[in-house]
Amino acid sequence: MTERTLVLIKPDGVARAVVGEIISRIERKGLSLVALQLTTVSDEVARGHYAEHAEKPFFPSLLEFITSGPLVAAVVEGPRAIAAFRQLAGGTDPVEKAVPGTIRGDFALETQNNLVHGSDSPESAEREIALWFPGLS
Ligand code: CMP
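What you see is a predicted model; the values in this text were computed from it and never measured.

Draft legend 1. Structural context of the environment of Ser-119. Its location among the elements puts Ser-119 in the loop between strand S4 (116–118) and helix H7 (122–132). Sequence separation of Ser-119 and Lys-97 is 22 residues, and the distance between their C-alpha atoms is 18 Å. In contact with Ser-119, not counting residues within four places along its chain, are Thr-5, Leu-6, Ile-82, Ser-124, Ala-125 and Glu-128.

Set out below in structure tokens:
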């Protein structure tokens, strides 16, 4: 079944100039870009995006990081797009969980600065797409 997921290439990905590499991996997998935007996210949208982590000890640092510079937000579509992108991304911890061959496994070292975000469920995808791309139908 075709579904949509919200992908972020976080500020570390833009700063390290791996945006093209990451988008290329998404396209090579067979997923399609539906929307794509380079933007510096407001504190308000960042808090909304990461609301489920508001009580975590790393939340202030995560907010500072995600608002620190331009990032790429994208809506990605395809069969099982949510799971497919999470497979491409690899586990949250780029060293302990993400294996080589994945985006985080190949290019990241830190759990916070882990290059990409992908929605983790259809409910999260719907909420995140509405937050980042309110005009998208
Ligand atoms: P993401 O997939 O965007 O979802 C939540 C983000 O919080 C995660 O990627 C990391 O950037 C960050 N994160 C998760 N766990 C930790 C942690 N233990 N320490 C620091 N940052 C974390």
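Draft legend 2. Up close: the UniProt feature "active site" (unreviewed entry) in the protein. UniProt feature "active site" (unreviewed entry): in the numbering of this structure it lies at His-117. When the 22 C-beta atoms within 10 Å are taken as the criterion, His-117 is described as buried. Residue contacts for His-117: discarding those within four places in its chain leaves Val-7, Leu-8 and Lys-10.

Draft legend 3. Representation of the UniProt feature "domain: Nucleoside diphosphate kinase-like" (unreviewed entry) in the protein. Sites flagged by UniProt as "domain: Nucleoside diphosphate kinase-like" (unreviewed entry) map to residues 2–137. Here residues 2–137 is 41% helix and 21% strand, with 15 Å between the C-alpha atoms at its ends.

Draft legend 4. Just the sheet that holds S4, in detail. Strand order in the open sheet made by the four strands is S2-S3-S1-S4, with antiparallel pairing throughout. Only two strands of the sheet have a single neighbouring strand rather than two, namely strand S2 (32–39) and S4. Strand-to-strand, the axes of this sheet are offset by a mean angle of 20 degrees, without reference to chain direction. Sheet analysis places strand S1 (residues 2–9) next to S4, joined by three bridges and oriented antiparallel.

Draft legend 5. Layout of the environment of Arg-80. Tracing the sequence through the fold places Arg-80 in the loop between strand S3 (71–79) and helix H5 (81–89). Counting along the chain gives 63 residues from Arg-80 to Ala-17, while the straight-line C-alpha distance between them is 28 Å.

Draft legend 6. Spatial organisation of the nonpolar core. Ranked by size, the top nonpolar core spans 26 residues in total, and within it Val-7, Val-76, Phe-85 and Val-116 carry the most contacts. At the level of secondary structure, the elements contributing two or more residues to this core comprise S1, helix H2 (19–29), S3, H5 and H7. Not counting residues within four places of it along the chain, the set of residues in contact with Val-7 comprises Ala-74, Val-76, Phe-85, Val-116, His-117 and Gly-118.

Draft legend 7. Geometry of the site of the ligand. In the vicinity of the ligand, the contacting residues are His-53, Phe-58, Leu-62, Thr-92, Thr-111, Gln-112, Asn-114 and His-117. Broken down by class, the residue content of the shell around the ligand amounts to two nonpolar, six polar and no charged.

Draft legend 8. Representation of the pairing of S1. S1 sits mainly inside the fold: six of its eight residues count as buried. Summarising the sheet, S1 and S3 pair through eight bridges and their orientation is antiparallel. Directly across from Leu-8, in S3, lies its bridge partner Ala-73.

Draft legend 9. H5, seen in detail. Three or more residues of H5 are buried, namely Ala-81, Ile-82, Phe-85, Leu-88 and Ala-89. Mapping the buried residues of H5 onto a view down its axis gives an arc of 130 degrees, with all of them on the same face. Directly after H5, the chain includes Gly-90, whose backbone phi takes a positive value near 85 degrees.

Draft legend 10. Region of the structure containing unusual backbone geometry. One non-glycine residue, Ala-17, adopts positive backbone phi at about 60 degrees. Looking at where Ala-17 falls in the secondary structure, it is placed in the loop between helix H1 (11–15) and H2. Note on Ala-17: 8 C-beta atoms within 10 Å, which makes it exposed. Positive phi, normally seen in glycine, also occurs at Arg-80, with a value near 50 degrees. A tally of 14 C-beta atoms within 10 Å means that Arg-80 is categorised as partly exposed.

Calculation notes
- Residues numbered from 1 in each chain as written.
- Predicted model: local features only at pLDDT ≥ 70, side-chain atom pairs only at ≥ 80, totals over all residues.
- Helix = DSSP H or I, 4+ residues; strand = E, 2+ residues; numbered from the N terminus.
- Contact = placed C-beta atoms within 7 Å.
- UniProt positions renumbered as here; feature names shortened; annotations may be inferred.
- Buried ≥ 20, exposed ≤ 12 C-beta atoms within 10 Å, placed from the backbone.
- Pairing = 2+ DSSP bridges.
- Axes fitted to C-alpha atoms, helices over the stretch in contact; angles between N-to-C directions.
- Core = buried A, V, L, I, M, F, W, Y, C linked by C-beta atoms within 7 Å.
- Near = placed C-beta within 6 Å.
- Nonpolar A, V, L, I, M, F, W, Y, C, P; charged D, E, K, R; others polar.
- Arc of directions from axis to C-beta.

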